[in-house]
Amino acid sequence: MNTKYLDLLAQKYNSEEKVVTEIINLEAILNLPKGTEHFVSDLHGEYKAFQHVLRNGSGKVKEKISDLFAKELSEEEITEFATLVYYPEEKLQLIKSNFNSTQELNQWYTEMIERMIKLISYASSKYTRSKLRKALPEQFVYIIEELLYKTDEFTNKKEYYTKIVQEIISLGQADKLIIGLSYTTQRLVVDHLHVVGDIYDRGPEPDKIMETLINYHSVDIQWGNHDVLWLGAFAGSKVCLANIIRICARYNNLGIIEDAYGINLRPLLNLAEKYYDDNTAFRPKKQPEEKLSDYEEWQITKIHQAITMIQFKLESPIIKRRPYFNMSDRLLLDKVDYDKNEVTIQGETHPIENPCFATVNPEHPEELLDEEAEVIDRLLFSVQHSEKLARHMKFLMKKGSLYLKYNSNLLIHGCIPLDEDGNMESMEVEGKSYKGRELFDVFERNLLHAFAHPEETDDLATDMVWYLWTGESSSLFGKRAMTTFERYFIKDKKTHKEQKNPYYHLREQEDICRKILEEFDMDPDQGHIINGHTPVKEIEGENPIKANGKMIVIDGGFSKAYQPTTGIAGYTLLYNSYGMQLVAHKHFNSKEEILQNGMDVLSVKRLVDKELERKKVRETNIGEELLQQVSILNDLLEYRYLK
Ligand SMILES: O=P(O)(O)OC[C@H]1O[C@](O)(COP(=O)(O)O)[C@@H](O)[C@@H]1O
Ligand SMILES: [Mn+2]
């Protein structure tokens, strides 16, 4: 190694002891069991259900409590204690209201604090002290460390311990401490979170999910097609922008646009009121608990039509200027007979149901009215000037990628485009052909470029972001064409079908998965592909673990709209030093139900892979980095101190 760097490093490690201490420290970490990875996907704005899964660590919190206290606590007490750890603020209020005397309450506090300290000690056993310290509530670090490292053999220590707890209670700090310890436990059971795409759309609170992720201790994101749509809108793609507003209108979520991100919808509403009327095909989809007045419902229905027509018009010029997107079949506005109200698709003519073509000039159907052009420009300005959206999109870019290689697994939201024979499918971009990993890299480069140039709205990079949402070779879409037009306007359901990329049946085969892992320079014996995007239909007996365990699909339907199809309420995956476990979650009703009845929505766990020997940090991505550091420190030791 270049001695210049070693000289520089010697400024930090300026004695032999310091170098040796750091080497020993790193070696110790390398020999600890690997931390737990937690995988989630397709959150689709379902903040509350996501919160619950985070708070219970997909069952890990309760598992640790059961491990520790199975002998001394009943099943009911274990559940009650677990609920306290998940929702400490609310559960404390509930429990406290049951006590009649301060003495009883103080007794309870003493027990709980002791229990929580034991739990933390157990949950942190595979971390270094310094890592645990970082996870502790700041104001109580000193006190908790005193409590954690007391040993029972010395009675004077025991007295000391009791004294500390009593002091905490009498100073009125017990609630705060219990709350802090609860969050520390939640944090300790999961070392790192992977979000395998689709944070946005369909559900009501994606912005709150983003805030949670921003504050999370360790996370990465693999973008989903819906996330990319939001990134595209922020990066200057008007057609992506029209899509996000259309989807929010469709799912009765315009509050995300207006209230959460402060984007003014007034110009769009004015346009909608002028040209559109009620139309059953455009009424918002609602959850049973959502109530709308007739007036509100009409307003949304009109906005929904206005933005949908803007979207269709904006698609045409992109399809025309990018022939290699191969989307000319999607120029459907050109294929409508506006007198007869018919559309001809692939030689077949269909009547148009629920038309809303008041702004369309049949001679030039793709032309935006001046009013429409102004509306979309103003919306884009508003989107690009929303501070909160900017913060969320920047975070999404910083932590995100199209694919991730992590601890021998390949994480992708959608698919690896394949042909029927299982070969990587190629796509031509500006006269050059790309496939497999190279194609992913081209997509990602374009997305980065588009994001860095939000002022460009019609360049290739910006168009490519839209292609990622809906193009036939997109690794995020994974289907041949998006039949949005047909779903709104044609009755014949056969036209609604979106044909999937062959990947989706080929991924059942182990050899295909091995080939994909190799394409990404990964070890096919060790690795798995972790996939989101397509809801696994448990209800029909579909197995999320495919290809002899090489492929794990974790989209189980956090999205309420999809739960009837899947029959469950989402999968999550855990990967710790013992192996991988898939967890299927039952429908999440409400936090209140969990607080009152201790109902835990968690259900079945399935073993995916068991490690033959407990996996250590040494064998992980982080381990690799630490090993490099050890090697550099050894060089320093040799060069500087052992001559
Ligand atoms: O359920 P909706 O609102 O009709 O949306 C259907 C559209 O969503 C998509 O499935 C994409 O969303 P997903 O990534 O959640 O599958 C499109 O392929 C399809 O056209
Ligand atoms: Mn998706």
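Model, not experiment: these values are computed from the prediction.

## Considerations on a negative patch on the surface
At step 1: Among the surface-exposed residues, Glu76, Glu77, Glu111 and Glu114 lie close enough to one another that they form a single negatively charged patch.
At step 2: Secondary-structure elements contributing two or more residues to the negative patch are helix 5 (75-86) and helix 7 (102-123).
At step 3: Looking at the element boundaries, Glu77 is found in helix 5.

## As for the confidence of the model for the chain
At step 1: Counting all residues, the mean pLDDT for the chain is 94, and 98% of those residues have values of 70 or more.
At step 2: Among the prediction metrics, the complex's ipTM stands at 0.96, with pTM recorded as 0.95.

## Topic: the site of ligand 1
At step 1: Around ligand 1 sit 14 residues, and of these Arg202, Asn225, Arg250, Tyr251 and Glu498 come closest.
At step 2: A distance of 2.6 Å separates an oxygen atom of ligand 1 from a polar atom in the side chain of Tyr251.
At step 3: For ligand 1, an oxygen atom lies 3.1 Å from a polar atom in the side chain of His533.
At step 4: Burial of ligand 1 by the surrounding chains reaches 88%, relative to a free accessible area of 470 Å².
At step 5: Residues that form the shell around ligand 1 fall into these classes: 4 nonpolar, 4 polar and 6 charged.

## A word on the coordination of the manganese ion (ligand 2)
At step 1: The protein atoms donating to the manganese ion (ligand 2) are Asp198 (OD), Asn225 (OD1), His413 (NE2) and His533 (ND1), with metal-donor distances spanning 2.1 to 2.3 Å.
At step 2: Each donor residue of the manganese ion (ligand 2) lies on one chain, and together they are spaced D-x26-N-x187-H-x119-H. Note that His413 is positioned in the loop between strand 9 (409-412) and strand 10 (426-429) and His533 in the loop between strand 12 (529-531) and strand 13 (545-546), a separation of 120 residues in sequence. The exposure classification of His413 matches that of His533, with both residues buried.

## Quick look at the state of the cysteines
At step 1: Applying the stated criterion to the full structure yields 0 disulfides.
At step 2: Summary of cysteine pairing: Cys356 is not part of a disulfide, and the nearest cysteine sulfur, belonging to Cys248, is at 18 Å.
At step 3: Take Cys415: it sits in no disulfide, and the sulfur closest to it among the cysteines is that of Cys513, at 13 Å.
At step 4: For Cys415, a relative accessible area of 1% gives the class buried.

## As for the sheet that holds strand 14 (residues 551-553)
At step 1: Reading across the sheet, the 5 strands line up as 8-9-12-14-13 and stay open at both edges, with mixed pairing between neighbours. The open sheet has two free edges, formed respectively by strand 8 (403-406) and strand 13, since each of these has just one partner strand.
At step 2: Relative to strand 12, strand 9 runs parallel, the two sharing 3 bridges. Opposite Leu410, over in strand 12, you have Ile529 as the bridge partner.
At step 3: Where helix 20 (residues 436-452) meets the sheet, it contacts strand 8 and strand 9, and its direction lies at approximately 120° from that of strand 8.

## What about the packing of helix 14 (residues 238-250) against helix 18 (residues 370-384)?
At step 1: Two numbers describe how helix 14 lies on helix 18: the axes approach to 10 Å, and their chain directions differ by 85°. Taken together, helix 14 and helix 18 sit at an angle that is classed as roughly perpendicular. Contact with helix 14, carried on its side by Lys238, Leu241, Ala242 and Ile245, involves Ile376, Asp377, Leu379, Leu380 and Val383 of helix 18 and no other residues of that element.
At step 2: Of the residues that constitute the contact of helix 14 with helix 18, the class distribution is 7 nonpolar, no polar and 2 charged.

## Section: the environment of Phe81
At step 1: Structurally, Phe81 can be placed in helix 5.
At step 2: Assessed through its relative accessible area of 2%, Phe81 is described here as buried.
At step 3: Taking the C-alpha atoms as reference points, Phe81 and Met424, separated by 343 residues in sequence, lie 51 Å from one another.
At step 4: Beyond its immediate chain neighbours, meaning those up to four positions away, Phe81 contacts Ile65, Phe69, Met112, Arg115, Met116 and Leu119.

## Some points on the pairing of strand 15 (residues 571-576)
At step 1: For strand 15, the buried fraction is high: 6 of the 6 residues fall into the buried class.
At step 2: When strand 1 (residues 37-40) meets strand 15, the two strands line up antiparallel, connected through 3 bridges. Note that in strand 15 the partner of Phe39 across the bridge is Leu573.
At step 3: Relative to strand 16 (residues 579-585), strand 15 runs antiparallel, the two sharing 6 bridges. In the sheet register, Thr572 faces strand 16, and the bridge partner there is Val583.
At step 4: Connecting strand 15 to the antiparallel partner strand 16 that follows it, the hairpin turn spans 2 residues.

## Section: the pattern of salt bridges
At step 1: Taken as a whole and judged by the stated rule, the model has 38 salt bridges.
At step 2: The residue Asp458 makes a salt bridge to Arg321 at a minimum N-O spacing of 3.6 Å. Of this pair, Asp458 sits in the loop between helix 20 and helix 21 (460-470) while Arg321 sits in helix 17 (residues 294-321); the two residues are 137 residues apart in sequence, bridging distant segments of the chain.
At step 3: Residue Arg321 is classed as partly exposed on the basis of its relative accessible area, which comes to 32%.
At step 4: Taking the shortest distance from any N to any O, the salt bridge between Arg378 and Glu374 comes out at 3.8 Å. You can see Arg378 and its partner Glu374 sitting in helix 18, 4 residues apart, about one turn around the helix.
At step 5: You can call Arg378 partly exposed: its relative accessible area is 45%.

Cut-off values and rules
- Residues numbered from 1 in each chain as written.
- Chains lettered and ligands numbered in written order.
- Predicted model: local features only at pLDDT ≥ 70, side-chain atom pairs only at ≥ 80, totals over all residues.
- Heavy atoms only, no water.
- Patch = residues over 30% accessible without salt bridge, like charges linked within 9 Å, V, L, I, M, F, W, Y side chains within 5 Å.
- Areas by Shrake-Rupley, 256 points an atom, 1.4 Å probe, with all protein chains shown as cover.
- Salt bridge = Lys/Arg side-chain N within 4 Å of Asp/Glu carboxyl O.
- Lys, Arg positive; Asp, Glu negative; His and termini not counted.
- Charge placed at Lys NZ, Arg CZ, Asp CG, Glu CD.
- Helix = DSSP H or I, 4+ residues; strand = E, 2+ residues; numbered from the N terminus.
- pLDDT = per-residue confidence, 0-100.
- Near = heavy atom within 4 Å.
- Polar contact = N/O pair within 3.5 Å; in protein donor to acceptor, adjacent residues only side chain to side chain.
- Nonpolar A, V, L, I, M, F, W, Y, C, P; charged D, E, K, R; others polar.
- Donors = N, O, S within 2.8 Å, 3.2 Å for Na, K, Ca; no water.
- Buried < 20%, exposed > 50% of the residue type's maximum accessible area, 1.4 Å probe, protein only.
- Disulfide = S-S within 2.5 Å.
- Pairing = 2+ DSSP bridges.
- Contact = heavy atoms within 4.5 Å.
- Axes fitted to C-alpha atoms, helices over the stretch in contact; angles between N-to-C directions.
- Parallel < 35°, antiparallel > 145°, perpendicular 65-115°, else oblique.

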